[in-house]
Amino acid sequence: MDFLPLFHNLNGKRVIVIGGGEIALRKVRLVAEASALITIVAKEYCADLVEIRDSNAKKGIHNLELITAPYQQQYIENYPEAVLVIAATNDPELNREVSKHAQQAHMLSNVVDDPGFSTVIFPSIVDRSPIQIAISSGGDAPVLVRLIRTQLESLFPAGMSKLAALAGSFREKVKAKFSNGADRKAFWEEVFGGPIAEQAYSNNLDEAERLLKDKLDTTEEFKTGEVYLIGGGPGDPDLLTFKAIRLMQQADIVLYDRLVSKPVLNLVRRDATRIYVGKTAGDHPVTQENINQKMVDYALEGNRVVRLKGGDPFIFGRGGEELETLAEQGIPFQVVPGITAASGCASYAGIPLTHRDHAQSVRFIAGHHRSGKLDLNWNELAQPNQTLVFYMGLNGLETICEQLKAHGLDANMPVALVEKGTSDKQRVFTGDLNSLPTIVRNAEAKAPTLIIVGTVVSLHDKLAWFNQNSQSEE
Ligand code: SAH
């Protein structure tokens, strides 16, 4: 290891920057963020540097000094109090000379893009001040470092800054209450892994502060439970949101449905208790009331309950009904949207749901039989320039096609059926209102399947991109 990561307090310290172009500008912005006093020496300056100096000066902040001159060693010697010199000219020889002078003056030196001549290098930064993550490859693989940074950016909620600041404001009080380090650690672990953190991430700072105060004031251990109603998407775990993953990782109890895919379920916290509450068509082993009651009971016991559903909980997911029960019982909850089957299947089948040349609207329809009959407004559905998406329509496929023809849609209207969309078993069958039912019957398609009706389906041939090696009976 050639470089040891340290965090340098530059507040009020002098930093000398040699060079006045775009590269210098980037470094100046960074050190200015850290409240340094900056002296820049350059023959000329980009407009932004002048602008930063002038707008700061207007606010009474005189942190930037621009010296217009060719570089000479005296500019370093004139500021013996400087702690860091950054060489950012476009002349590599000059930059190295600057670095040599800085080191002679016992100052830290950074040569932009030349780690071999630097005593310090700038890391890539994920900034959730006061939380900061610095990443570096010692100059070996800056592009890789940037990729890592992008991944880390997506892992940490933007609200982490606020949570850390809130924690900072309670630090002394917590110290005063728990003299024992282990107790303090346990306290903070609960704060950062539970509802208080979630409230801060949801921008409910007052509530987060109130909960934190409560937690500090109560003597006996009292945990409030919470319910997270999470959309698990159509199958591919890559389609989960960051928030879904974060909350799934905090679960004590997970109540999940049949449509939640195995790879998605595998992402819940390892120690969480998993309870299957799925229904199989026609046979309801766990009634809806029973599920609602289970959620309430577990939450009242102080558990973090994840209610994990396929697709989006608010689209044919009974999410609304489940939340009403929680609201009536005063149990805190959050809802995390998921990719609904229509979006997932359409994307992975290369069928855009709307398209300027084909469809200006899209309808999501529940296509399951109720007591052997499909009670829908067929006149409204059999209209041109729209896309119809039928959920739960496998058994009703024939009726759907017949009714749409009977109410005026052309028998040649393209139709697709997507089986197990977004999973590695996805199959896509296409045909028209006449042919599709037979194609699907012969292929023995199994639920879950989604039916898409509309001329957008004709784009599938051109736009299909996913799982092209799979056996499809088109
Ligand atoms: N809340 C879910 C829908 C629940 S209704 C969502 O937003 O997606 C169940 C129906 O969703 C199934 O009958 C099927 O029509 C559809 N569905 C769910 N996942 C699917 C998948 N991976 N492939 C095809 N259809 C799916």
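Conventions we followed
- Residues numbered from 1 in each chain as written.
- Predicted model: local features only at pLDDT ≥ 70, side-chain atom pairs only at ≥ 80, totals over all residues.
- Heavy atoms only, no water.
- Phe/Tyr/Trp six-rings, centres within 6.5 Å; stacked < 30°, edge-to-face > 60°.
- Helix = DSSP H or I, 4+ residues; strand = E, 2+ residues; numbered from the N terminus.
- Expected span 1.5 Å × (residues − 1).
- Buried < 20%, exposed > 50% of the residue type's maximum accessible area, 1.4 Å probe, protein only.
- Arc of directions from axis to C-beta.
- Contact = heavy atoms within 4.5 Å.
- Domains from an automatic or database assignment.
- Buried area = accessible area lost by both parts, 1.4 Å probe.
- Salt bridge = Lys/Arg side-chain N within 4 Å of Asp/Glu carboxyl O.
- Near = heavy atom within 4 Å.
- Polar contact = N/O pair within 3.5 Å; in protein donor to acceptor, adjacent residues only side chain to side chain.
- Areas by Shrake-Rupley, 256 points an atom, 1.4 Å probe, with all protein chains shown as cover.
- Nonpolar A, V, L, I, M, F, W, Y, C, P; charged D, E, K, R; others polar.
- Patch = residues over 30% accessible without salt bridge, like charges linked within 9 Å, V, L, I, M, F, W, Y side chains within 5 Å.
- Lys, Arg positive; Asp, Glu negative; His and termini not counted.
- Charge placed at Lys NZ, Arg CZ, Asp CG, Glu CD.
- Core = buried A, V, L, I, M, F, W, Y, C linked by side-chain atoms within 4.5 Å.

Asks: I would appreciate a short explanation of the packing of aromatic side chains in the present structure.
Replies: In this description, a pair of aromatic rings is defined by centroid distance and the angle of the planes. In total, this model carries nine aromatic pairs according to the counting rule given. Residues phenylalanine 316 and tyrosine 391 carry aromatic rings whose centres are separated by 4.9 Å and whose planes lie at 65 degrees to one another, so their mutual orientation is edge-to-face. Separated by 75 residues along the polypeptide, phenylalanine 316 in the loop between β11 (304–309) and α13 (319–328) and tyrosine 391 in strand β14 (residues 386–391) bring together distant segments of the chain. Three or more aromatic residues joined by ring pairs form one cluster here, namely Phe178, Phe187, Trp188 and Phe192.

Asks: Looking at this structure, how should I read helix α12 (residues 288–300)?
Replies: An α-helical turn contains 3.6 residues, so any two residues separated by three or four positions project in the same direction. Compared with the 18 Å implied by 1.5 Å per residue over 13 residues, the 19 Å span of α12 between its first and last C-alpha is a close match. For α12, every residue scored as buried is listed here: Gln288, Ile291, Asn292, Met295, Val296 and Ala299. End-on view of α12: buried residues confined to an arc of 135 degrees, all on one side of the axis. What points out from α12, more than 90 degrees from its buried face, is the exposed set Glu289 and Leu300. The secondary structure elements touched by the buried residues of α12 are β8 (226–231), β9 (253–256), β11 and α13. Positive phi shows up at glycine 302, right after α12, with a value of about 100 degrees.

Asks: I keep staring at the domain arrangement of the protein and nothing clicks. Help me out?
Replies: Accessible area lost upon the coming together of the parts is a frequently used measure of interface size. Domain boundaries assigned for the protein yield domain 1 (14–122), domain 2 (160–218), domain 3 (226–339) and domain 4 (342–472). Taking the mean C-alpha position of each, domain 2 and domain 3 sit 26 Å from one another. For domain 2, the biggest contributors to the area lost against domain 3 are Gly193, Pro195 and Glu198; these three give 68% of the whole. Where domain 2 packs against domain 3, one counts one salt bridge.

Asks: Can you walk me through the site of the ligand in this structure?
Replies: Near the ligand you find 18 residues, and of these Asp312, Ile315, Thr340, Met392 and Thr449 are the closest. In this structure, a nitrogen atom belonging to the ligand sits 2.7 Å away from a main-chain N or O atom of isoleucine 315. At 2.7 Å, a backbone N or O of methionine 392 approaches an oxygen atom of the ligand. Protein coverage of the free-state accessible area of the ligand, which is 540 Å², stands at 91%. In the shell around the ligand, the residues fall into 11 nonpolar, five polar and two charged.

Asks: What should I look at first to understand the environment of alanine 346 in this one?
Replies: By secondary structure assignment, the location of alanine 346 is in helix α14 (residues 341–349). Look at alanine 346 and you get buried, because its relative accessible area is 4%. Alanine 346 sits 76 residues away from threonine 422 along the chain, and the two C-alpha atoms are 9.2 Å apart. When near neighbours in sequence (up to four residues on either side) are disregarded, alanine 346 contacts Ala341, Ile351, Leu353 and Ile452.

Asks: Sorry if this is basic, but what is going on with the side chain of histidine 358 here?
Replies: Among the secondary structure elements, histidine 358 is positioned in the loop between α14 and β13 (361–366). Of the polar contacts made by the side chain of histidine 358, one reaches the side chain of threonine 455; its length is 2.8 Å. Filtering out sequence-adjacent residues up to four positions away, histidine 358 remains in contact with Asn385, Gln386, Thr455, Val456, Ser458 and Leu459.

Asks: Can you walk me through a negative patch on the surface in this structure?
Replies: A contiguous patch of negative charge on the surface is contributed by Glu289, Glu321, Glu324 and Glu328. No other element matches α13, which puts three residues into the negative patch. Relative to the elements of secondary structure, glutamate 328 occurs in helix α13.

Asks: So what exactly am I meant to see when it comes to a nonpolar patch on the surface here?
Replies: Taken together, the side chains of Val143, Leu144, Leu147 and Ile148 make up a nonpolar region of the molecular surface, amounting to roughly 360 Å² of accessible area. Structurally, isoleucine 148 is set in helix α5 (residues 142–155).

Asks: It is not clear to me how the nonpolar core should be interpreted in this structure. Could you clarify?
Replies: Considering soluble globular proteins, one finds that nonpolar side chains tend to be buried as a cluster. Ranked by internal contacts, the top residues of the largest apolar core, which has 23 residues, are Phe390, Leu404, Leu417, Leu433, Ile451 and Val453. Contributions of two or more residues to this core are made by α15 (378–381), β14, α16 (397–406), β15 (414–419), α17 (436–443) and β17 (449–453). Once residues within four sequence positions are removed from consideration, isoleucine 451 is found in contact with Leu388, Val389, Phe390, Gly393, Leu394, Leu397, Ile400, Val415, Ala416 and Leu417. In terms of nonpolar packing, the next biggest core, distinct from the first, is built from 21 residues, Val31, Tyr45, Cys46 and Leu84 among them.

Asks: For this particular structure, what's the right way to read the side chain of serine 99?
Replies: Along the chain, serine 99 turns up in helix α4 (residues 92–104). Residue contacts for serine 99: discarding those within four places in its chain leaves Ser109, Val111 and Phe117.

Asks: Before we go on, may I ask you to explain the pattern of salt bridges in this structure?
Replies: When charged atoms on two side chains of opposite charge get close, those side chains can pair. If you walk through the whole model with that rule in mind, you get 25 salt bridges. Glutamate 198 is the partner of arginine 246 in a salt bridge, and the nearest nitrogen-oxygen pair spans 2.8 Å. You can see arginine 246 sitting in helix α10 (residues 242–248) and its partner glutamate 198 sitting in helix α8 (residues 195–201), a full 48 residues away along the chain. The residues arginine 246 and glutamate 198 share a single accessibility class, namely buried. A salt bridge links lysine 309 to glutamate 322; the shortest N-O distance between them is 3.3 Å. One end of the pair, lysine 309, is in strand β11; the other, glutamate 322, is in helix α13, with 13 residues separating them in the sequence. Lysine 309 gets classed as buried once you look at its relative accessible area, which sits at 4%. Beyond isolated ion pairs, a larger network of salt bridges with shared partners links Asp252, Arg269, Asp271 and Arg304.

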